[in-house]
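Reading the structure
Below, each chain spelled out in residue letters.
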Amino acid sequence: MLLIACPYCGERPEIEFAYGGEAHIARPADPSAMSDEEWAAFLYARTNPKGTHAERWRHTNGCGRFFNAVRDTVTDFFVATYKTGEPRPDLTPRSVV
Amino acid sequence: MSSLRTASGGRIDRTKTLRFYFDGRSHTGVQGDTLASALLANGEYLLGRSFKYHRPRGVVAAGSDEPNAIVNLTRDAARSTPNVRATTIELYEGLHAESQNRFPSLQVDIGAINDLLSPLLPAGFYYKTFKWPASWWQRVYEPLIRAAAGLGRAPTLPDPDRYVGRWAHADVLVVGAGPAGLSAALAAADAGVRVVLADEQSEFGGSLLSEPTEMQTWLAEAIATLAANPRVTLLPRTTAFGYFAHNMAGLAERVTDHLANPPPHLPRERLWQIRVKQVVLATGALERPLVFPNNDRPGIMLAGAARTYLNRYGVLPGKRIVVATATDSAYRAALDLRAAGADVAVIADLREAPGEIADEARAAGIAVRTATSVVGAGGLQHVAWAALAPVAGGAPEAVPCDALLMSGGWTPAVHLFSQSRGKLRFDADASAYLPDVSAEHERSAGACRGVFGLAEAQGDGAAAGASAASGKPYTPSAATPNGGGWLGLMPNAPAKKAFIDFQNDVTAKDIKLAVREGMRSIEHIKRYTTTGMATDQGKTSNMNTLGVASGALDATIPQIGHTTFRMPYTPVTFGGLAGFSRGDLFEPIRMTPIHPWAAEAGAVFEDVGQWKRAHYFPKRGEDLHAAVARECLAVRASVGMFDASTLGKIEVVGPDAAEFLNRMYVNAWTKLGVGRCRYGILCREDGFVRDDGVVGRIAQDRFHVTTTTGGAAGVLNMMEDYLQTEWPELDVWLTSTTEQWAVIAIQGPKARAVIAPLVEGLDISREKFPHMAVAECTFAGVPARLFRVSFSGELGFEVNVPADYGRAVWEAIYAAGRPHNIVPYGTETMHVLRAEKGFIIVGQDTDGTATPDDAGVGWAVAKSKRDFVGKRSLARAAMTGPSRKQLVGLLTADPKTVLEEGAQLVDDPHQAVPMTLLGHVTSSYYSATLGHSIALAMLVNGRARIGQTVHVPMPNGAIAVRVVKPVFYDPEGARLDG
Amino acid sequence: MVETALRRPPLAGLVPPPGDAVVLAPVPPAARFILRVRPAAQTAAGEAFGGPLPTIACRAATEGARAALWLGPDEWLLISPDAPDFTALAGVPHSLVDVGHRQAGITVSGPRAAAALNTGCPLDLDEAAFPVGMCTRTVVAKTQIVLWRTAPETFHVEAWRSFLPYVCGYLAEASREFSG
Amino acid sequence: MQNFSALSLLRRAFGGHESWQPQWRTPEPKPEYDVVIIGAGGHGLGTAYYLAKEHGITNVAVIERGWLGGGNTGRNTTIIRSNYLFSESAALYDHSVKLWETLSQELNYNVMYSPRGVMMLAHTIHDIQVFKRHVHANRANGVDNEWLTPEQAKDFCPPLNISAKLRYPVLGASLQRRGGTARHDAVAWGFARAADAMGVDIIQNCPVTAIRRSATGEVEGVETERGTIRAKKIAVVAAGHTSVVMNMAGVRMPLESFPLQALVSEPVKPAFPCVVMSNTVHAYISQSDKGELVIGAGTDAYVSYSQRGGLHVAQHTLDAICELFPMFRRMRMLRNWGGIVDTTPDRSPIIAKTPVPGLYVNCGWGTGGFKATPGSANIFAHTIARDEPHRINAPFTIERFRDGVMIDEAAAAAVAH
Ligand SMILES: Cc1cc2nc3c(=O)[nH]c(=O)nc-3n(C[C@H](O)[C@H](O)[C@H](O)COP(=O)(O)OP(=O)(O)OC[C@H]3O[C@@H](n4cnc5c(N)ncnc54)[C@H](O)[C@@H]3O)c2cc1C
Ligand SMILES: NC(=O)c1ccc[n+]([C@@H]2O[C@H](COP(=O)([O-])OP(=O)(O)OC[C@H]3O[C@@H](n4cnc5c(N)ncnc54)[C@H](O)[C@@H]3O)[C@@H](O)[C@H]2O)c1
Ligand SMILES: Cc1cc2nc3c(=O)[nH]c(=O)nc-3n(C[C@H](O)[C@H](O)[C@H](O)COP(=O)(O)O)c2cc1C
Ligand SMILES: [Zn+2]
């Protein structure tokens, strides 16, 4: 069970959170102006990287806030967590210990 | 059989004798014994049969690494546990154990024929055979294989024992309470931090428990010091079985298994899930067997285990002993046994020049042969001789013995380290994998990282413990491998019947065969031979596998690598992992405030999500259909009442509330007046219907939103998602009020008459309180929100009252309705009534592949809105057109025929399989009101097919059905006003 | 009052576990509200409530019988004997929702209260990590609760009404091992 | 190819089994192949086999980053069934089940296909509606699936608890008798051996690091840790790693990779006759020929390539197993592991040509592609050989997500595996 640092509440166990998928995929301001390809990309195309991944979590059983995290999908270690709306931090995964 | 119990010594209490039973025979042991030590003391060598060849097997080890002495332990009919290691079972009065995997008895086992057939049963034989005739696999071969395989028998009765869980936190978790772990815990505790110390054994001390006398004072003092410290938690009988991400460990504590009469308030096991800042692994090392033919004969055991039996349990492994070793440590066993009066015939040391300890042995009168290999053993059900041969070559000599002790060296227990994703490095000097690069905040200390001397282990533990407490980076001192050790087949020994994995009967020959057949990866070798896959997960075998594979592959061990260490370290009880999650505590059972009334009224309940909902209210002798027919007729004729409290409710408040709902729902909300409500449809972003419900405008900036029962949590989460992450600028907030309100629907022509006397402060006349009105009022004396809505097609109201009043208000309505013969009705009647009207149930008539238009609620979509969730997706080509399935009604020719929900629709029922399927029946009931059956269906291009006939293929012939509009009753809506 | 006579709080049937190592008891009835408001108006909201809104995460503030529990950066659970008067906030965007019947509370107290809670609650309940005055939403096994430490050996646990039988049943079961 | 039979075993027993040959070679990669398949799981190996067997294309390399069969093929709970709802899916999976029935003989390798029956439990009225819908659709599609009462379900699986006092009582079950299990490793090995015998090169320990494309866009070959390998056709069958590999060709996939856990108990004598799945309480279970209870847990919530997950996920599954089979509470978990499952938005696979000429992809099997191994490989080989989809995989395109033509079994039923 992961240990996740909520930007509001601090470190909490994973069971307090709900995963929210890849982060920084903003809903287009005017969906109707998009082609089918562009819209499908917004809906379904995902980076799914093997490595650092910016993703959303919601502290459902806590403060209720959505926030973002950067996590290494190979080690599952978090690089950072930050509030929704803040830019993705430019970080590389921490070296071990 | 002669007793092998020593006269004195050990950590047992000889004054407390305990009676126990093995395979029905009665024996005695003493307090402090394990089942294995007690059986050995009684001269019982034969404890089990192996998996494949049914070879006789005895005790090899003294701890949880035991591969052979696996028994069934039975407390009573319902408390039977298969596959328990006799070496870890603490003896208690009246213990019953039975051997496994043998028929008719342990001594005479017909399965042992497999041993004779073993040339036909090499690794992977089953992949090559049993293919013809094809039908025999399932009927003949597989049942035979299955019956032969498996070890113990699964229990057959429900387990009555309790298991508890416990979450915990600490600064430092120390796993293993040997000298290294104890020293680590002492050092960490000294620093004042929170420490947890766990060891799987009944007593702390680790290898010290196997030492004769020295160090016992230190051990006692160390334990006392720790026990006195309130910041320290001591967990004996607790196995750290898993090392999980972010420094969480799973620990299984056996609370009562060692007690003859467990007190009822105590659980059998406790599952600890501990999150810590730092972990110190001090899990020690496991001794390796030597690999030579017949090395599995009862009486052949690890030298260290023999020393444990002697020094800890006061049991001699035999009277005439041969020791075969590749390390110094076996000499300790020989010396101790010799001192205890056993005849140590010879020590056969593989090495040319053993250390000083060989001189010590010689001085004690023990013959030491160097550069000598053990190449075989004799005896049938018990070892009778050991074959010793010079490494340089030459004929083996059979040395008679009744115990053959072996030591191939020590394998550091790096299981947890590796589970944590730490990287191992092969150390040639230690012939072992050692911890190299950590992944977690963790450090290893003592024998588990190759630091073997006692003082060294203590020092190492102390340093690791102190640094763990400080949390500072730590560079351990260089490990000092003790040298020696041997991996794989003994020099000059044949590979046949030279066992590597005892339990799964994997021999050195099997490993070579696997390599010959192209299995070059160690993972393939493991899977092809099943080495390391038995209940001990290769604790004693994995390194010897590598040794043999290395030769066969002509590759070094680091080139080969190792298989993956996985949790659990030792097997963990399912019940322990499930904990309280059983029966009523399996999951919350959610009940409405009105539930007790319904239960008293005899309602039958159904599960909807975690809710219990009244399904119907049978009167004496009524079944579902009779009750529902009565309930339906009553609503249509007079009035019924329904508990709708489980509906999800969300209070949407703020100046931007209407704007927010505009963006979320397909409907338009801006023009909805205060005091009015509207049926809303919520789509997912992909355009498919997600949920529906009535939304009422309580004030300019306040909406009362309802959702389906099952959708409540998901819809709120979805709304929060959009609000927080897409439109944080909107001034609107969402609060779940599902449980704030008890909701009672009153439906039927007499509905107004029933509630009128209960309503204060509101004119509920047809004119003043029309269909789709909402208002706050006082109802039956309590504050309420009253909705004029109908899910039945009749005049209807839904009253929301604060939940604590739910039952009282329900009773008040029931009383007020008595003169009108009001009936309470359940979800089934609700479903029939709405189906008669063609109202959909999201999740029943829609299934996640339906658009609003498909579901017949396209009218709700506000075409003029620039955007809403799902709008863009609905513009995709495939979302419209004649290929879409659409909601329709179906009528059968025979009014009594009720179609089966889920039945399929086709044009031509005689077409060949696979048929072209056009849709399916989503809802189907007998309508007592209409006197015939009705059904709703999703049908390809359905609205265009109204008036046509389609067919429902059934096993006993197809049923022709007429496609009709999905409204069967009162299509004009005349009854809405009562 | 007619209202009280008609009221059936969800904890009416609570059967406390034996022993005094862990004591479960319903908290007295009170009004409860969820207040949502942006930071700019928090002080004003606190004044209207008659007790400050804690702005430090996961802390509760009490003022006489009134308590305001921080649940999120813009969300407070207000517990008070009576309904707060928020007319002063008119014109200030906010949301005040009555949840007085949505949920109820129990106290879990006694020397083993923390241990019993830790049977199902994954948080560190050591006083240093979860001091008196701390509150948060969290879980007990398979359900959500609000946990608030009101004294070293006393926790106030709130849950939605339909989850209370589960929460209480779970804690009662958890208390069994301390009753021997 | 050496024949595998009782007789050959007997004959070689006399020679001490010294004369067995490798089941597949360990070749050095050639500079060029007609087809390069990336990923030596069951699907990749099977694709190579059918390319050689049915299309005569034998100049094929299967390139594997680790050891063959070490991906999800080697870590799945081996449930095989074809009682899927939609006609498209039923056709796909039933094609596979038919191939399973004779696979041991076809490959001369006992894959231990054991049609012991797969029973899916209904615990709510909604489950009943959904399962009956499956039963009806399956019947019309020629796929066997029948409805059982709780008592019939218990007859079929005696350990099942059908007490009405269960938190979610068993209200009935659907049963596909042709469903069952097979030995996961044997499937990979059998395909590998048979493909190898027809000339296919299986190159292990050789991660593909790049896909080369010409100036005009079509594929030219792959870069690997062991050098460049040219090919005009490249087939990606990399399961959890498909996004990573497709990215090498500049294609972004509608995929996310999640950990999926499974576990086995200690082995016991036959105690469980069939396969049981329950979606409402999240559990599935069978007993292997060796005697372990093989239990599938759920996916962890987040994207991960770590091949492990949280304890709580395994716990949740064991809760359910213990409720349904209360006698198993005293059984013990022997080993737990994880795989990396690639899931599409509609939880159905993609077996298709891609926007890049010469590049083919077979992925998105998520939690349930083992059962499809022979069928999927068979039609994928067709797609590669003919450069056009087989009738059966024609609907399983990438473009369906753009067009909204989903094949959403999950949405229709919340059933997977
Ligand atoms: C725990 C678990 C339980 C499951 N249970 C079932 C079940 O009961 N029934 C069922 O039908 N299905 C089940 N599945 C799903 C099933 O296992 C998979 O769908 C199926 O095995 C996929 O086969 P594959 O050949 O496509 O993938 P894999 O076997 O994963 O093969 C893909 C291969 O590609 C290789 N690869 C990746 N990247 C590269 C690269 N860059 N270069 C070279 N090679 C690369 C990988 O190493 C891997 O060997 C389960 C899965 C898991 C994890
Ligand atoms: N070759 C040798 O000479 C040799 C070999 C081995 C050990 N030793 C001696 O062993 C000592 C080393 O001490 P140490 O403290 O490192 O090891 P130890 O063997 O004394 O203690 C390890 C302890 O860890 C426990 N343990 C292991 N895995 C566990 C788990 N997963 N969960 C819970 N408990 C677990 C064991 O039960 C044991 O009590 C020294 O005294 C050394 O002389 C010497
Ligand atoms: C159907 C099946 C049965 C298994 N049975 C066993 C078993 O009896 N013993 C064992 O140790 N592992 C067993 N495993 C698990 C494997 O040892 C291994 O954990 C799994 O293939 C994943 O590989 P990994 O753990 O090396 O990553 C089994 C796996 C599967 C898929
Ligand atoms: Zn938080």
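Residues numbered from 1 in each chain as written. Chains lettered and ligands numbered in written order. Predicted model: local features only at pLDDT ≥ 70, side-chain atom pairs only at ≥ 80, totals over all residues. Heavy atoms only, no water.

All names here are of chain C. The assigned domain composition of chain C is domain 1 (23–28 + 101–176) and domain 2 (31–98). Distance between the C-alpha centres of domain 1 and domain 2: 22 Å. Around 1100 Å² of area is buried between domain 1 and domain 2 when both sides are counted, 60% of it from carbon and sulfur atoms. Of all residues in domain 1, the largest losses of buried area upon contact with domain 2 belong to C135, R137 and W148, amounting jointly to 43% of the total for that side. For R32, the salt bridge goes to E158, with nearest N and O atoms at 2.7 Å. When contributions to the side of domain 1 that touches domain 2 are tallied by element, the ones reaching two or more residues are β7 (103–109), β8 (135–140), β9 (143–151) and β10 (154–160). (Domains from an automatic or database assignment. Buried area = accessible area lost by both parts, 1.4 Å probe. Salt bridge = Lys/Arg side-chain N within 4 Å of Asp/Glu carboxyl O. Helix = DSSP H or I, 4+ residues; strand = E, 2+ residues; numbered from the N terminus.)

Under the defined criterion, the tally for this structure stands at 96 salt bridges over all chains. The shortest N-O distance in the salt bridge between E794 of chain B and R636 of chain B comes to 2.8 Å. Of this pair, E794 of chain B sits in the loop between β41 (782–787) and β42 (796–802) while R636 of chain B sits in helix α18 (residues 624–637); the two residues are 158 residues apart in sequence, bridging distant segments of the chain. Judged by relative accessible area, which is 0%, E794 of chain B ranks as buried. We classify R636 of chain B as buried; its relative accessible area is 4%. A salt bridge links D74 of chain C to R36 of chain C; its shortest N-O distance comes to 3.4 Å. Residue D74 of chain C is located in the loop between β4 (66–72) and β5 (75–80), and its partner R36 of chain C is located in strand β2 (residues 31–37); the two are separated by 38 residues in the primary sequence. R36 of chain C carries the same exposure label as D74 of chain C, and that label is buried. Salt bridges sharing common partners tie together R55, R57, D115, D296, K497 and D505 of chain B. (Buried < 20%, exposed > 50% of the residue type's maximum accessible area, 1.4 Å probe, protein only.)

All names here are of chain D. If you check the shell around ligand 1, you find 36 residues, and the closest are E64, N72, T73, T77 and K371. One of the backbone N or O atoms of I63 is found 3.5 Å from a nitrogen atom in ligand 1. Between a nitrogen atom of ligand 1 and a main-chain N or O atom of R65, the distance comes to 3.1 Å. Calculation on ligand 1 without its partners gives an accessible area of 1000 Å², and the protein chains cover 97% of this total. Among the elements of the structure, α2 (42–55), β10 (256–265) and β14 (332–343) are those that each provide at least two residues to the shell around ligand 1. (Near = heavy atom within 4 Å. Polar contact = N/O pair within 3.5 Å; in protein donor to acceptor, adjacent residues only side chain to side chain. Areas by Shrake-Rupley, 256 points an atom, 1.4 Å probe, with all protein chains shown as cover.)

It is worth spelling out the interface of chain D and chain B at this point. Across the contact, 101 residues belong to chain D and 121 residues belong to chain B. Surface buried jointly by chain D and chain B totals about 9700 Å² across both partners, of which 56% is contributed by carbon and sulfur atoms. If you look at where chain D meets chain B, you find six salt bridges. Linking chain D to chain B there are 57 residue pairs in polar contact (both at pLDDT 80 or more). When residues of the side of chain D that touches chain B are assigned to their parent elements, the largest contribution, nine residues, is made by helix α4 (residues 125–140) of chain D. A class-by-class count of the residues in the side of chain D that touches chain B yields 47 nonpolar, 31 polar and 23 charged. As defined by bridge partners, strand β29 (residues 572–573) of chain B adjoins β14 of chain D across two bridges and the pair is classed as antiparallel. Residue T573 of chain B lies in a different strand from β14 of chain D, and its bridge partner there is R332 of chain D. (Contact = heavy atoms within 4.5 Å. Nonpolar A, V, L, I, M, F, W, Y, C, P; charged D, E, K, R; others polar. Pairing = 2+ DSSP bridges.)

Here helix α22 (residues 806–817) of chain B is 12 residues long and its end C-alpha atoms lie 16 Å apart, about the 16 Å a rise of 1.5 Å per residue gives. Listed in full, the buried residues belonging to α22 of chain B are G806, R807, A808, V809, W810, I813 and G817 of chain B. (Expected span 1.5 Å × (residues − 1).)

Residues and elements named next belong to chain B. Among the residues of helix α9 (residues 356–363), those classed as buried are I357, A358 and A361. All buried residues of α9 fall inside an arc of 105° around its axis, so they share one side. α9 presents E356 and A363 as exposed residues on the side facing more than 90 degrees away from its buried surface. The secondary structure elements touched by the buried residues of α9 are α8 (329–339), β17 (343–349) and β18 (368–369). Positive backbone phi, approximately 90°, marks G365, located one or two places after α9. (Arc of directions from axis to C-beta.)

This part is about the coordination of the zinc ion (ligand 4). Surrounding the zinc ion (ligand 4) are the protein donor atoms C6 of chain A (SG), C9 of chain A (SG), H59 of chain A (ND1) and C63 of chain A (SG), at 2.0 to 2.4 Å. In this structure, the zinc ion (ligand 4) is coordinated by four donor atoms arranged in tetrahedral fashion, with angles at the metal of 103 to 117°. (Donors = N, O, S within 2.8 Å, 3.2 Å for Na, K, Ca; no water. Tetrahedral: all angles 85-135°; square planar, octahedral: opposite > 155°, others 65-115°.)

Grouped together as the largest cluster of nonpolar side chains are 203 residues, with contacts concentrated most on L35, F292, Y309 and L404 of chain B. The element contributing the most residues to this core is helix α6 (residues 184–197) of chain D, with eight residues. Setting aside residues up to four positions removed in sequence, L35 of chain B forms contacts with F20, V71, A86, I89, L91, L95 and A97 of chain B. (Core = buried A, V, L, I, M, F, W, Y, C linked by side-chain atoms within 4.5 Å.)

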